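Each chain, written out:
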Amino acid sequence: MRGRQMNGSSRIFNLTYLDVLARQDTALHRLDPRAKVLTVCAFIGILLSYGRYEVSALLPFFFFPAFMIGLGNLPAAYFARKVLLVLPFALLIGLANPLLDREILLRAGPVGISGGWISCCSIVVRCILTALAALILIATTGFMGVFAVLERFGISRVFTVQLLFIYRYIFVLTDEASRMARARSLRSMGRGMPLKTFCSLAGHLLLRTIDRAQRIYLAMVSRGFSGSFKISGRLRFGVRETAFTGCWIAAFALMRSVNLPRLLGAAVAGLIR
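First, a word on what this report is: a plain description of the structure on this page. All values derive from a computational prediction rather than experimental measurement.

Reading the values: the criteria
- Residues numbered from 1 in each chain as written.
- Predicted model: local features only at pLDDT ≥ 70, side-chain atom pairs only at ≥ 80, totals over all residues.
- Heavy atoms only, no water.
- Salt bridge = Lys/Arg side-chain N within 4 Å of Asp/Glu carboxyl O.
- Buried < 20%, exposed > 50% of the residue type's maximum accessible area, 1.4 Å probe, protein only.
- Helix = DSSP H or I, 4+ residues; strand = E, 2+ residues; numbered from the N terminus.
- Lys, Arg positive; Asp, Glu negative; His and termini not counted.
- Polar contact = N/O pair within 3.5 Å; in protein donor to acceptor, adjacent residues only side chain to side chain.
- Contact = heavy atoms within 4.5 Å.
- Arc of directions from axis to C-beta.
- Axes fitted to C-alpha atoms, helices over the stretch in contact; angles between N-to-C directions.
- Parallel < 35°, antiparallel > 145°, perpendicular 65-115°, else oblique.
- Nonpolar A, V, L, I, M, F, W, Y, C, P; charged D, E, K, R; others polar.
- Left-handed = near helix turned anticlockwise from the far one by under 90°.
- Phe/Tyr/Trp six-rings, centres within 6.5 Å; stacked < 30°, edge-to-face > 60°.

Examining the pattern of salt bridges
Thought 1: Enumeration over the complete set of coordinates arrives at three salt bridges.
Thought 2: Among the ionic pairs, arginine 30 bridges to aspartate 25, the shortest N-O distance being 2.8 Å.
Thought 3: Where aspartate 32 meets arginine 34, a salt bridge forms, and the shortest distance between an N and an O atom there is 3.0 Å. This pair shows no difference in class: aspartate 32 is buried, exactly as arginine 34 is.

Given below as structure tokens:
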């Protein structure tokens, strides 16, 4: 399989590997896409319902991506590297909180921890969980499957087609960027990249990807593309899908209503005393 022959660094940037993973035949992959989309939407919605100072209550939710990775026979290291790419954006948002919220809420011995640092940790944890859920959804359903579900749920066709084009355009962008980076590396003998060279490459990258995307679009029109995609296969929401969605939503509701780490910590503290 071509996706499995890629080295670790190339997998980080090659998003087509998610489509390779989506073509596997596991119990999770065989579920109706609607069940997976509904479950992930419920997962993300419950994460967003937590207060800004909640951190420990979010930790049990890591069981969901861990279970999905195991059931779907997915490479955990690949998703860990993907999340590391998203992490700096979460930190960029969260690191402003300690400057704005300086009220001390916790103490670790003589060290006081302000509410800003707690809310920063909450943002980072929720970002990691959300990114994992979205990546796992694509890796077990495929973007075309998610696209079909959005259309079945009544989302505007204009929006879904544009979303699909954006997803496919990312492949064009990364492909052209890898070619330019490889060409420059061969010509520069591994030397650094000045800001002027970087700006020039970025401009050429934009022009090349626009030109290639236009050629792809013309090729699609010549083959009969009329503004919509035809999705092959039938969707069937059966007993397995109902059980999968219902059990996970019930589990999320339980995690939301009960702070399991706090209860466990109190039980351990009681035993120690």
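Read on for the rest.
Remarks on the side chain of glutamate 241
Thought 1: By secondary structure assignment, the location of glutamate 241 is in helix H11 (residues 239–257).
Thought 2: For the buried glutamate 241, no salt bridge exists, and the shortest N-O distance to an oppositely charged side chain is 4.1 Å, to arginine 240.
Thought 3: Polar side-chain contacts of glutamate 241 include one of 2.9 Å to the backbone nitrogen of glycine 238.
Thought 4: Those residues in contact with glutamate 241, other than ones at most four positions away along the chain, are Arg30, Leu31, Asp32, Ala35 and Arg236.

Digging into helix H4 (residues 63–71)
Working note: α-helix, 3.6 residues per turn, so residues spaced by three or four point in the same direction.
Thought 1: Inspection of H4 places Phe64, Pro65, Met68 and Ile69 among the buried residues, and these make up the whole buried set. Buried positions in H4, seen along its axis, are confined to an arc of 130° and lie on one side of it.
Thought 2: Contacts from the buried residues of H4 go to helix H3 (33–48), helix H5 (76–94), helix H7 (115–141) and H11.
Thought 3: One or two positions beyond H4, positive phi appears at asparagine 73, with a value near 55°.

Side note on the packing of helix H8 (residues 143–152) against helix H9 (residues 157–188)
Thought 1: The contact between H8 and H9 brings their axes to 10 Å, and the two run at 170°. When the axis of H8 is compared with that of H9, the two are roughly antiparallel. Between H8 and H9, the residues in contact are Phe143, Met144, Phe147, Leu150 and Glu151 and Arg157, Thr160, Val161, Leu163, Leu164, Tyr167 and Arg168, respectively.
Thought 2: Taken together, the residues of the contact of H8 with H9 sort by class into eight nonpolar, one polar and three charged.

Considering the environment of threonine 16
Thought 1: Mapped onto the elements, threonine 16 comes out in helix H2 (residues 16–22).
Thought 2: Each C-alpha atom of the pair threonine 16 and arginine 168 lies 9.4 Å from the other, and the pair is 152 residues apart in sequence.

So, the packing of H5 against H7
For any two helices packed against each other, the geometry comes down to the angle between their axes and how far apart the axes lie.
Thought 1: Close contact between H5 and H7 brings their axes to 9 Å; oriented N to C, the two are set at 145°. Here H5 and H7 pass one another in a crossing that is right-handed. Listed contacts from H7 to Phe79, Lys82, Val83, Val86, Leu87, Ala90, Leu91 and Gly94 of H5 are Cys120, Ile123, Val124, Cys127, Ile128, Ala131, Leu132, Leu135, Ile136 and Ala139.
Thought 2: Residue composition of the contact of H5 with H7, by class: 16 nonpolar, one polar and one charged.

Side note on the environment of phenylalanine 64
Thought 1: Within the element layout of this structure, phenylalanine 64 appears in helix H4.
Thought 2: In this structure, the C-alpha to C-alpha distance between phenylalanine 64 and valine 40, residues 24 residues apart in sequence, is 9.5 Å.
Thought 3: Beyond its immediate sequence surroundings of up to four residues, phenylalanine 64 is in contact with Thr39, Val40, Phe43, Trp248 and Phe252.

What about unusual backbone geometry?
Thought 1: If you check the backbone angles, asparagine 73 has positive phi at about 55° while not being a glycine.
Thought 2: Residue position: asparagine 73 is located in the loop between H4 and H5.
Thought 3: Judged by relative accessible area, which is 49%, asparagine 73 ranks as partly exposed.

Here we look at the side chain of threonine 141
Thought 1: With respect to the helices, strands and loops of the structure, threonine 141 is situated in helix H7.
Thought 2: Threonine 141 sits in the buried class, given a relative accessible area of 14%.
Thought 3: Here lysine 36 takes part through its side chain, which lies 3.4 Å from a polar atom of the side chain of threonine 141.
Thought 4: In contact with threonine 141, other than residues within four places in its own chain, are Ala22, Pro33, Lys36 and Val146.

Digging into the packing of aromatic side chains
Thought 1: Throughout the structure, instances matching the rule amount to 13 aromatic pairs.
Thought 2: Residues phenylalanine 64 and phenylalanine 252 carry aromatic rings whose centres are separated by 5.3 Å and whose planes lie at 85° to one another, so their mutual orientation is edge-to-face. Separated by 188 residues along the polypeptide, phenylalanine 64 in helix H4 and phenylalanine 252 in helix H11 bring together distant segments of the chain.
Thought 3: The class for phenylalanine 252 is buried, based on a relative accessible area of 0%.
Thought 4: Joined through ring pairs, the aromatic side chains of Phe43, Tyr50, Phe61, Phe63, Phe64, Phe67, Trp248 and Phe252 make up one cluster.

By themselves, these figures tell us nothing about what the structure is for.
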